[in-house]
Amino acid sequence: MNAFVIGGSKNIGYLSALRLLAAGSTVTFLLRNTSCFDEDERIQRFVSTGRAFLFKGDALVRSDVEKGWEAAEKNGNGKVDLLLFTVGGAPSFSLTKGIITNPINLVTQCFLNVLSTMPKSTPGSPQTKIVAVSVAGSTKSARSALPLAPKALYSTFMKSIIRDKLGLERLVHHSAGWKWTHGEVSEEILPTDWERGDSIPRFGSLEEVLVVRPAILTDGKCVGDEDTQGEPPYRVSEEDFKAWTVSREDVAHFIADAVLNRWQEYRNKHVTIGY
């Protein structure tokens, strides 16, 4: 498998990429700073063997993303099997807005650039699989299923983050042809003319999409790699449920497993993952 990873310098994107590389995949990272892996022996091992490629670029810059796609295609002999999008940004805290990123629509704008530069698939050839990481409280219906403490967190301190993730999900729903029932996305997150023209995939044209909505993320261990005596290590469901937390390691475990082994089970779905 040949993967293009955006947001893979750390956390879920990084951990998922390591699992893909360990399974024999080729990975092209789009990185604002390629030196972030200079001292990373795990990544450098794959760089030295020609299976990990570090491409310098900013996902907020459309031309950088376009060149990143081209590099990933070249590294995969002309095709990209998987796009893994885990952009999150470095958050800061505002007394009036809570936890925010700069720009406030970081995730949405980066994903818009990804979709608008995505190479067109030729008739009869497999589409690029897309895995995009959102958050368990991205929609009002999803937040209503959460326990009280996470619900309060998402509705107050993480309100700006949630709005940005909602923009990401709006773009996914359009491109995948999923029904949208979550209201309008504000103009500061997603421009009002985003549907005009042919800059993004037409409605319902993407058929290989998975949105992953993790619960509150922790730095805990990967339960998925342990022997749980027949019990699932974490819960994954299309239905909203009361998920408190989940480790980044386990989200990466799920993503790699879904992409490599269970794609037909999870394609064209959005799922919540948590304990």
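Let me begin by describing the structure that accompanies this report. Every chain is numbered on its own, with residues counted from 1 as its sequence reads. This being a predicted model, a pLDDT of at least 70 is required before a residue's local features are given, and a value of 80 or more before pairs of side-chain atoms are given or counted; all residues contribute to the totals for chains, interfaces and linings. Excluding hydrogens and water, the side-chain values take into account all heavy atoms of the structure.

## Structural notes on the nonpolar core
Counting 37 residues, the largest nonpolar core has Val-27, Phe-29, Val-131, Leu-210, Val-212, Phe-254 and Ile-255 as its most contacted members. Counting 36 residues, the second largest nonpolar core, distinct from the first, contains Leu-112, Leu-115, Ala-176 and Trp-194. For our purposes a nonpolar core is just a set of buried Ala, Val, Leu, Ile, Met, Phe, Trp, Tyr and Cys residues, chained together by side-chain atoms within 4.5 Å. Accessible area is worked out with a 1.4 Å probe on protein chains only. A residue is then buried under 20% of its type maximum, exposed over 50%, and partly exposed in between.

## Considerations on the sheet that holds strand 10 (residues 235–237)
Pairing between strands is defined by DSSP: at least two bridges between them are needed. Secondary structure is summarised from DSSP: a helix means a run of H or I of at least four residues, a strand means a run of E of at least two, and numbering begins at the N terminus for each. If you walk across this open sheet you meet the 8 strands as 3-2-1-4-7-8-12-10, and the pairing is mixed. At either margin of the open sheet sits one strand with a lone partner, and together these are strand 3 (52–56) and strand 10. Taken pair by pair, the neighbouring strands of this sheet meet at an average axis angle of 20°, ignoring direction. Here 5 bridges tie strand 8 (residues 209–214) to strand 12 (residues 269–274), and the two strands are oriented parallel to one another. Along strand 12, the bridge assignment pairs Val-212 with Val-271. Contacts were defined at the residue level, with two residues in contact if any of their heavy atoms lie within 4.5 Å. Axes, fitted as lines to C-alpha atoms, cover a helix only where it is in contact. Angles between the N-to-C directions of the axes lie from 0 to 180 degrees. In this fold helix 7 (residues 159–176) packs onto strand 4 (82–85), strand 7 (129–133), strand 8 and strand 12, with an angle of close to 155° to the strand it touches most, strand 8.

## Observations regarding the packing of aromatic side chains
Pairing of aromatic rings covers Phe, Tyr and Trp, the last through its six-membered ring, and needs centres within 6.5 Å; plane angles under 30 degrees mean stacked, over 60 mean edge-to-face, and all others mean tilted. Summed over all chains, the structure comprises 6 aromatic pairs. By way of ring pairs, the aromatic residues Tyr-14, Phe-29 and Phe-37 are connected into one cluster. Only when the NZ of Lys or the CZ of Arg is both within 6 Å of the ring centre and within 35 degrees of the ring normal is a charge said to sit over the ring. Seen from the ring of Phe-46, Arg-45 lies directly overhead, with NZ or CZ sitting 4.4 Å from the centre. The residue whose ring lies beneath Arg-235 is Phe-241, and the NZ or CZ to ring-centre distance is 4.2 Å.

## Looking at helix 1 (residues 11–22)
The terminal C-alpha atoms of helix 1, which comprises 12 residues, lie 17 Å apart, in line with the 16 Å expected from a rise of 1.5 Å per residue. With 9 of 12 residues buried, helix 1 is to be regarded as a mostly interior element. How far a helix is expected to stretch is found by multiplying one less than its residue total by 1.5 Å.

Interpretation note: all reported values are geometric properties and have no functional meaning in isolation.
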